[in-house]
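Here are the chains, one letter per residue:
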Amino acid sequence: MITRELGRTGIKITDICLGTMTWGEQNTEAEGHAQMDYALERGINFFDTAEMYAVPPRPETQGSTERIIGTWFKARGSRDKVVLATKVAGRSPMTWVRGADEARLDGGLTRLTRKQIDDAVHGSLTRLQTDYIDLYQLHWPDRAIPAFGFHTWRDYPQDFVPFEEILDALGRHVEKGTIRAIGVSNESPWGVMSFIRASETKGLPRIASIQNAYNLANRVFEYGLAECCMREGVSLLAYSPLGQGYLTGKYRNGALPQGSRKQLFNRLQRYERPGADAAIAGYLDAAAEFGLTPTQLALKFCQTREFMGSVIIGATSMAQLKEDLDAFDLVWTDAMEERVNGLHVAHPNPCP
Ligand SMILES: NC(=O)c1ccc[n+]([C@@H]2O[C@H](COP(=O)([O-])OP(=O)(O)OC[C@H]3O[C@@H](n4cnc5c(N)ncnc54)[C@H](OP(=O)(O)O)[C@@H]3O)[C@@H](O)[C@H]2O)c1
């Protein structure tokens, strides 16, 4: 297992991270525990979760994923074996994420105000049964921005909690020791650079990572963010490396496997846009040409990017988890690089 530094923090993370967001909805507590046991056995030291999980987000299951990790820490006494990343929800109308009364204070929204950040940290620590979080990420910005598959820019409302204020709120937790490092998620180049400028001019904590979607069908990160992040020492933590399952080929030709995310929840429209089908088919065919499974091609592609900090995998069965981890054993060749880059030029980012 390869380890890398998380940003400039000195914290060592494996370049494969265990995603958790299905635990508490698609997966039971026992299944979550089994996945964490197996991931540790395979040498993974990095887990990613969020206060909002499980997904799809709903009030009845909010916090269940963190609770499952908490009971595992308690049962195994394994807190010190894991670099644990969690997230605070950004601006949203999901007031139930943090308690309706509190959110009402900020216009009926979850916001990244100091008070809401304090409450969110406290909630996560309690559910996780720990007294510190290794990496605390802003799940999405306080700014209203196009994210999660939106294609176009418009003049979004400009009232947002200033970068300095957010960093100061996080910095107090860093001082107290409740947070070790901070990161962003679903961020833009302007957001990344604004956070860095605020930390440098005001002596506030510096973001170590950005967690954005990144996969063969969505290389948008490479256009503006890759340069910012590489030059500024911000690690990419790539989510949805398998395009939520699409890049495994499981939905090819209209297939709808029983128990799959699409069959259960039908919210994968990000991977069903015009042009997505042809691009994904191209990658599935390319994998076959090289004698690979589509999963091998998709995961190894992510891991071999120069700017990659860690690839966040997600699995709903032990067989998937094993297949996903084994996929990284592949040796990436120049021919594979050329083939996927050719497909990227022919079908640029159908699933941003
Ligand atoms: N920051 C954010 O906004 C954000 C957003 C999304 C995810 N994340 C993080 O990233 C993690 C991974 O995201 P993701 O779940 O979207 O990743 P993904 O790797 O693109 O998709 C994972 C899903 O694909 C299917 N799958 C996985 N391995 C497979 C295999 N070998 N064969 C067939 N199907 C397979 C499973 O779903 P089915 O079995 O249901 O088909 C699995 O849940 C999450 O757990 C979370 O920690 C963060």
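A. Quick look at the overall build of the protein. Tallying secondary structure elements over the protein gives 12 helices and 10 strands in all. Taken over the C-alpha trace, the protein has a radius of gyration of 19 Å; the compact-globule value for 352 residues is 20 Å, and the two agree within 12%. The C-alpha extent of the protein, read off along each of the three principal axes, is 55 × 45 × 35 Å. The 352 residues of the protein split such that 57% are buried. Sequence separation of at least 24 residues holds for 75% of the intrachain contacts in the protein that already meet a minimum separation of 6. Of the roughly 14,500 Å² of accessible surface on the protein, a fraction of 53% belongs to carbon and sulfur atoms. Both charge centroids of the protein, one from 39 positive and one from 43 negative side chains, sit 2 Å from each other.

B. Spotlight on the sheet that holds strand β7 (residues 179–185). The sheet built from eight strands closes into a barrel, its strands ordered β3-β4-β5-β6-β7-β8-β9-β10 with parallel pairing. Looking at each pair of strands side by side, their axes are set apart by 30 degrees on average, direction ignored. Pairing analysis gives four bridges linking strand β5 (residues 83–88) to strand β6 (residues 133–138), with the strands arranged parallel. Bridge assignment links Val 88 to a residue of β6, and that residue is Leu 138.

C. Representation of the pairing of strand β8 (residues 207–213) in the model. The buried fraction of β8 amounts to seven of the seven residues, a majority that puts the element mostly inside the structure. In terms of strand pairing, β7 meets β8 through four bridges, oriented parallel. Bridging from a neighbouring strand, Ile 182 pairs with Ile 207 of β8. Sheet topology places β8 next to strand β9 (residues 235–239); five bridges connect them, and they run parallel. Its bridge partner being in β9, Gln 211 is matched across the sheet by Leu 237. With respect to chirality, the unit in which β8 leads through helix α7 (residues 225–232) into the neighbouring parallel β9 is right-handed.

D. Layout of the confidence of the model for the protein. The share of residues in the protein with pLDDT of 70 or more is 99%, and the mean pLDDT across the chain is 95. Here helix α3 (residues 100–104) is the element of the protein with the lowest mean pLDDT, 66, and strand β4 (residues 46–48) is the one with the highest, 99.

E. Inspection of unusual backbone geometry at higher detail. A cis geometry characterises the amide bond from Tyr 53 onward to Ala 54, with omega recorded as 25 degrees. Each neighbour pair has its own omega, and for Val 55 with Pro 56 the value is -10 degrees, a cis peptide bond. Residue position: Pro 56 is located in the loop between β4 and α2 (64–76). With a phi close to 55 degrees, Ser 240 is a non-glycine residue in the positive phi region. In this structure, Ser 240 sits in the loop between β9 and α8 (261–265). Taking the relative accessible area as the measure of exposure, Ser 240 reaches 13% and is therefore buried.

F. A look at the packing of aromatic side chains. Counted under the stated rule, the structure contains 13 aromatic pairs. Here Tyr 214 and Phe 301 contribute two aromatic rings whose centre-to-centre distance is 5.7 Å and whose plane-to-plane angle is 15 degrees, an arrangement assigned as stacked. Placement of Tyr 214 in the loop between β8 and α7 and of Phe 301 in helix α10 (residues 294–303) is noted, with a sequence separation of 87 residues between them. When the ring of Phe 301 is compared with that of Trp 332, the centres are 6.3 Å apart and the planes differ by 55 degrees; the resulting orientation is tilted. One end of the pair, Phe 301, is in helix α10; the other, Trp 332, is in the loop between α11 (318–327) and α12 (334–346), with 31 residues separating them in the sequence. For Phe 301, a relative accessible area of 0% puts it in the buried group. Looking at Trp 332, the relative accessible area reads 15%, which means it is buried.

G. Structural context of the site of the ligand. In the vicinity of the ligand, 30 residues are found, and the nearest of them are Asp 48, Ser 240, Lys 250, Arg 261 and Thr 316. A distance of 3.4 Å separates an oxygen atom of the ligand from a polar atom in the side chain of His 139. Here Gln 244 contributes a backbone N or O atom positioned 2.7 Å from an oxygen atom of the ligand. Considering the ligand on its own, with 900 Å² of exposed area, one finds that the protein chains cover 95% of that surface. Counting residues per element, the shell around the ligand draws most heavily on α11, at three residues.

H. Representation of the nonpolar core in the model. Phe 47, Ile 210, Tyr 214, Phe 221 and Leu 297 are the most contacted members of the largest nonpolar core, which totals 85 residues. With seven residues, the top contributor of residues to this core is helix α9 (residues 276–289). Discounting chain neighbours no more than four positions away, the residues touching Phe 47 are Cys 17, Leu 18, Met 36, Ala 39, Trp 72, Val 82, Val 83, Leu 84 and Ala 85. Of all hydrophobic cores here, the second largest spans 14 residues; its members include Cys 17, Val 83, Ala 208 and Ile 312.

I. Broad picture of the packing of helix α1 (residues 29–41) against α11. The geometry of α1 relative to α11 is characterised by a closest axis approach of 10 Å and an angle of 25 degrees between their N-to-C directions. For the element pair α1 / α11, the angle class is roughly parallel. In this structure, α1 crosses over α11, and the sense of that crossing is right-handed. Residue-level contacts link Ala 34, Gln 35 and Tyr 38 of α1 to Met 318, Leu 321, Lys 322 and Leu 325 of α11. Grouping the amino acids of the contact of α1 with α11 by side-chain chemistry returns five nonpolar, one polar and one charged.

J. Structural context of α10. With respect to burial, α10 is a largely interior element, eight of its 10 residues being buried. Every buried residue of α10 is listed here: Thr 295, Leu 297, Ala 298, Leu 299, Lys 300, Phe 301, Cys 302 and Gln 303. Elements that come into contact with the buried residues of α10 comprise β1 (3–5), α9, β10 (308–313), α11 and α12.

Calculation notes
Residues numbered from 1 in each chain as written. Predicted model: local features only at pLDDT ≥ 70, side-chain atom pairs only at ≥ 80, totals over all residues. Heavy atoms only, no water. Helix = DSSP H or I, 4+ residues; strand = E, 2+ residues; numbered from the N terminus. Rg over C-alpha atoms; globule rule 2.2 N^0.38 Å. Buried < 20%, exposed > 50% of the residue type's maximum accessible area, 1.4 Å probe, protein only. Contact = heavy atoms within 4.5 Å. Areas by Shrake-Rupley, 256 points an atom, 1.4 Å probe, with all protein chains shown as cover. Lys, Arg positive; Asp, Glu negative; His and termini not counted. Charge placed at Lys NZ, Arg CZ, Asp CG, Glu CD. Pairing = 2+ DSSP bridges. Axes fitted to C-alpha atoms, helices over the stretch in contact; angles between N-to-C directions. Right-handed = clockwise from strand over helix to strand, strands pointing away. pLDDT = per-residue confidence, 0-100. Phe/Tyr/Trp six-rings, centres within 6.5 Å; stacked < 30°, edge-to-face > 60°. Near = heavy atom within 4 Å. Polar contact = N/O pair within 3.5 Å; in protein donor to acceptor, adjacent residues only side chain to side chain. Core = buried A, V, L, I, M, F, W, Y, C linked by side-chain atoms within 4.5 Å. Parallel < 35°, antiparallel > 145°, perpendicular 65-115°, else oblique. Left-handed = near helix turned anticlockwise from the far one by under 90°. Nonpolar A, V, L, I, M, F, W, Y, C, P; charged D, E, K, R; others polar.

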